[in-house]
Amino acid sequence: MGIHQVGVPPDFRGRGIARALMQSLLEQCQIAGAHYVTLQASQMGEGLYQQLGFARRFQIASFRRQ
């Protein structure tokens, strides 16, 4: 199962919202029978995601034609 585009607006950061949201999402993944969960995330949340058990496997680079 994949989790993508999770974010908290700047004015609401530091209140535990992202942690609560991710814990709820992970519970739903477990209920749905997921054997593993992938997360597409920015470096901003990396500390939280590591605390939740995620490990960096690779980095995605984007290409934009100019």
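Residues numbered from 1 in each chain as written. Predicted model: local features only at pLDDT ≥ 70, side-chain atom pairs only at ≥ 80, totals over all residues. Heavy atoms only, no water.

(A) Structural view of the overall build of the chain. Of the regular secondary structure elements, the chain holds two helices and two strands. Dimensions of the chain along its principal axes, counting C-alpha atoms only, are 45 × 30 × 15 Å. Looking at the 66 residues of the chain, the share that counts as buried comes to 12%. Within the chain, contacts between residues at least 6 apart in sequence are counted, and of these 57% link residues at least 24 apart. When the accessible surface of the chain is split by element, carbon and sulfur atoms take 50% of a total near 5900 Å². (Helix = DSSP H or I, 4+ residues; strand = E, 2+ residues; numbered from the N terminus. Buried < 20%, exposed > 50% of the residue type's maximum accessible area, 1.4 Å probe, protein only. Contact = heavy atoms within 4.5 Å. Areas by Shrake-Rupley, 256 points an atom, 1.4 Å probe, with all protein chains shown as cover.)

(B) The nonpolar core, seen in detail. In this structure, Ile3, Met22, Cys29, Leu48, Tyr49 and Phe54 together form the largest nonpolar core, which totals six residues. Only α1 (17–31) and α2 (46–51) provide two or more residues apiece to this core. (Core = buried A, V, L, I, M, F, W, Y, C linked by side-chain atoms within 4.5 Å.)

(C) Seen up close, the packing of aromatic side chains. For the structure shown, the criterion picks out one aromatic pair. When the ring of Tyr49 is compared with that of Phe54, the centres are 6.3 Å apart and the planes differ by 80°; the resulting orientation is edge-to-face. One exposure class covers both Tyr49 and Phe54, and it is buried. (Phe/Tyr/Trp six-rings, centres within 6.5 Å; stacked < 30°, edge-to-face > 60°.)

(D) Local environment of unusual backbone geometry. One non-glycine residue, Gln5, lies in positive phi territory at about 65°. Relative to the helices and strands, Gln5 is located in the loop between β1 (2–4) and α1.

(E) The arrangement of the environment of Leu25 in detail. Tracing the sequence through the fold places Leu25 in helix α1. Taking the relative accessible area as the measure of exposure, Leu25 reaches 29% and is therefore partly exposed. Sequence separation of Leu25 and Leu39 is 14 residues, and the distance between their C-alpha atoms is 11 Å.

(F) Representation of α1 within the structure. Helix length check: α1 (15 residues) gives 21 Å between terminal C-alpha atoms against 21 Å at 1.5 Å per residue, within 8%. Phi for Gly33, located one or two positions after α1, is positive at around 90°. (Expected span 1.5 Å × (residues − 1).)

(G) Region of interest: the confidence of the model for the chain. Mean pLDDT over the chain: 92, with 100% of residues reaching 70 or higher. Per-element confidence in the chain ranges from a low mean pLDDT of 92 for strand β2 (residues 38–40) to a high of 97 for α1. (pLDDT = per-residue confidence, 0-100.)

(H) Looking closely at the environment of Thr38. One can find Thr38 in strand β2. With relative accessibility at 39%, the residue Thr38 sits in the partly exposed group. For the pair Thr38 and Met22, spaced 16 residues apart in sequence, the C-alpha separation works out to 12 Å. Not counting residues up to four positions away in its chain, the partners in contact with Thr38 are Met1, Gly2, Ile3 and Phe54.

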